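Spelled out from the first residue to the last, the chains are:
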Amino acid sequence: MERFSSYVASMALAALTVTVHLAITAPAAIAQPPLPEATAVTTVTIEGYDVDFTLPTAARAGCMVCHADQDLTRIRDGRVISYFVDPGQFEASAHGEVQCVGCHLDFAFSAPHEQLGTEWQSTAGSACKNCHEDQALEVGKGAHRAETDAEALADPEAPDRPLCSDCHGSHQIGFLTENPEGRAEMRARGWEVCGRCHEDYWYSYDDYYHGAAYRRGATDAPACWDCHGYHDIRPVDDRESMVNERNLVQTCSPCHPDANEAYVDYARFIHGREEISDEIFLARWADWLRQNLSGLFGR
Ligand code: HEC
Ligand code: HEC
Ligand code: HEC
Ligand code: HEC
Ligand code: HEC
Ligand code: HEC
Ligand code: HEC
């Protein structure tokens, strides 16, 4: 912070330079609109970084003058915080062609940045909607849609609903469409994507065929979103929910093409193994499995 107090001074100096510069070099009759201030000066040294103001204000290269520096750290509350953004990693992400200010709408090509509090985090985490309208509309239909003010006031203790970035991250977002590797990487982050907010259902997802296998890392076992969907997720009693009774056959059929009404009765086991410890019930289930799943028992 101390080093930054010199910033105000250096910017004042920069402004002065612009004025002088223009006064001396500008020919009397320029048949052009006035240049934006940012392109008038060449290089200004801020905090030891040579910030090139000939770059367009929104250019990523401008941000990266400082943020590509591995040593860009600050001490906050006694902890070292890194503000380094790995250029290679960013360029390899799905947003390799996207400008920083596409998500960091509230940041300008000047630094240090005005005191933005933590608002900038939710701005960045939901700026996605400007470019991914379809996905934003889907999220807006389900249980994770942004709270209305009335809802927020009604229960200030209610846990936060996820922003796009809570599930997708920030600078390392990979391609998912037609990219099995990217999708596998996301599957492996199930705890972060869903589990950490739905701990009870994370731990109860423990039936042997699916949950226990998934949490052990089996790649063919379903992730939470194989049964619940991912953007338009609905409560079970909503008729549109993928786990609502009337939709179960359809939900299970991508992996179980022969699923029918009787088969999907198993669904109650998926989060319910622990609760359904009733012996009679289990005996009934063993019978059911024997009858329905030929070849599975007694081979
Ligand atoms: C002259 C150097 C410099 C430039 C240019 C710069 N930044 Fe920064 N940025 C910093 C520093 C230093 C910090 C550390 C936090 C602070 O002290 O403001 C920071 C912090 C941040 C943060 C985190 C804010 C926080 O409070 O944790 C974001 C996001 C950010 N910059 C984005 C950008 C974007 C986007 C651009 C380009 C539009 C940019 N920066 C240009 C130096 C720079
Ligand atoms: C796809 C959207 C997106 C783009 C593009 C993007 N950021 Fe970010 N950035 C985020 C999100 C989301 C966060 C994390 C906010 C939080 O902590 O909740 C973040 C965090 C940061 C931080 C804080 C430190 C950290 O790594 O968490 C800095 C600094 C930063 N971004 C700089 C940049 C710079 C520089 C660029 C351009 C090279 C850039 N960002 C491009 C979304 C983006
Ligand atoms: C609750 C977690 C979660 C939230 C919140 C979320 N997503 Fe997703 N998103 C996913 C999952 C999971 C996938 C699919 C992974 C797969 O295909 O295996 C996905 C897929 C995508 C895709 C790939 C194309 C597609 O539609 O399948 C895009 C783009 C995307 N999300 C953008 C967004 C945006 C923008 C937001 C915020 C409006 C958002 N996501 C909110 C979990 C989430
Ligand atoms: C300025 C526009 C812009 C913003 C803002 C933006 N994206 Fe993207 N996003 C793109 C572009 C361009 C691509 C790559 C081309 C494509 O697939 O559409 C992309 C690709 C993706 C993909 C891979 C899509 C796929 O089908 O494989 C995901 C996931 C994604 N973005 C999520 C996000 C999230 C989450 C945020 C916010 C944190 C965000 N995007 C912010 C423009 C943007
Ligand atoms: C940042 C925390 C967060 C993340 C991450 C998250 N959720 Fe949620 N989820 C919530 C909150 C909060 C609600 C409750 C909304 C309400 O009260 O109407 C909710 C509601 C739901 C519901 C509706 C039933 C209910 O309990 O209200 C389902 C189903 C659900 N989430 C599944 C998922 C799945 C699957 C994922 C991962 C793809 C996921 N969630 C990721 C916070 C989260
Ligand atoms: C194989 C399918 C399947 C998978 C995978 C799955 N679930 Fe479920 N989930 C269900 C079914 C069926 C129900 C409704 C019956 C019940 O509550 O046991 C349900 C219910 C829920 C509910 C309560 C919804 C409500 O409205 O009360 C939440 C929350 C939930 N699941 C979260 C998760 C999370 C988090 C994961 C990943 C760890 C996950 N589920 C994985 C099938 C699945
Ligand atoms: C993403 C794929 C996937 C989805 C979706 C899925 N399952 Fe499964 N299921 C599996 C795998 C993998 C096994 C283990 C098969 C084995 O070991 O032979 C399995 C095994 C089972 C079994 C044990 C007997 C058998 O047929 O192999 C039952 C019963 C079952 N699933 C029911 C369901 C129900 C009900 C749903 C929908 C609520 C569902 N599954 C959704 C992948 C899935």
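Residues numbered from 1 in each chain as written. Chains lettered and ligands numbered in written order. Predicted model: local features only at pLDDT ≥ 70, side-chain atom pairs only at ≥ 80, totals over all residues.

1. Here's the deal with the overall build of the chain
Assigned secondary structure in the chain consists of 17 helices and 4 strands. Going through the 299 residues of the chain one by one, you find that 13% of them count as buried. Restricting to contacts in the chain with at least 6 residues of sequence separation, those with at least 24 account for 44%. (Helix = DSSP H or I, 4+ residues; strand = E, 2+ residues; numbered from the N terminus. Buried ≥ 20, exposed ≤ 12 C-beta atoms within 10 Å, placed from the backbone. Contact = placed C-beta atoms within 7 Å.)

2. Notes on the site of ligand 5
Taken together, the neighbourhood of ligand 5 is formed by 18 residues, with Ala143, Pro162, Cys194, Cys197 and Cys224 sitting nearest. Of all the secondary-structure elements, those providing two or more residues to the shell around ligand 5 are α9 (164–168), α11 (190–195) and α14 (224–228). Looking at the shell around ligand 5, the element that brings in the most residues is α14, giving 3 residues. Grouping the amino acids of the shell around ligand 5 by side-chain chemistry returns 12 nonpolar, 3 polar and 3 charged. (Near = placed C-beta within 6 Å. Nonpolar A, V, L, I, M, F, W, Y, C, P; charged D, E, K, R; others polar.)

3. Some points on the nonpolar core
Formed by Met186, Val193, Cys194, Tyr205, Tyr214, Ala223 and Cys224, the largest nonpolar core amounts to 7 residues. Here tyrosine 214 is in contact with Tyr205, Ala221, Pro222 and Ala223, once residues within four sequence places are set aside. (Core = buried A, V, L, I, M, F, W, Y, C linked by C-beta atoms within 7 Å.)

4. Here we look at the site of ligand 3
Taken together, 20 residues surround ligand 3, and among them Cys128, His132, Cys164, Cys167 and Tyr230 come closest. With 4 residues, α9 is the single largest residue contributor to the shell around ligand 3. Partitioning the shell around ligand 3 into residue classes produces 11 nonpolar, 6 polar and 3 charged.

5. Considering the pairing of strand β3 (residues 73–76)
Pairing analysis gives 4 bridges linking β3 to strand β4 (residues 79–82), with the strands arranged antiparallel. Among the inter-strand pairings, arginine 76 is bridged to a residue of β4, identified as arginine 79. Hairpin connection of β3 to β4: 2 residues between the antiparallel strands, including aspartate 77 at a positive phi of 50°. (Pairing = 2+ DSSP bridges.)

6. Section: unusual backbone geometry
The phi angle at aspartate 77 is positive, at roughly 50°, despite the residue not being glycine. The phi dihedral of glutamate 178 falls on the positive side, at around 50°, and the residue is not glycine. As for its position among the elements, glutamate 178 is in the loop between α9 and α10 (180–187). You can call glutamate 178 exposed: it has 7 C-beta atoms within 10 Å.

7. Observations regarding the environment of alanine 262
Along the chain, the position of alanine 262 falls in the loop between α15 (248–252) and α16 (267–270). Classification of alanine 262 as exposed rests on a count of 10 C-beta atoms within 10 Å.

8. Comments concerning the environment of valine 264
By the element assignment, valine 264 lies in the loop between α15 and α16. For valine 264, a count of 19 C-beta atoms within 10 Å corresponds to the partly exposed category. The sequence separation of valine 264 and valine 249 amounts to 15 residues, and the corresponding C-alpha distance is 6.3 Å. Residues contacting valine 264, with those up to four places away along its chain left out, are Leu248, Val249, Cys252 and Ala259.

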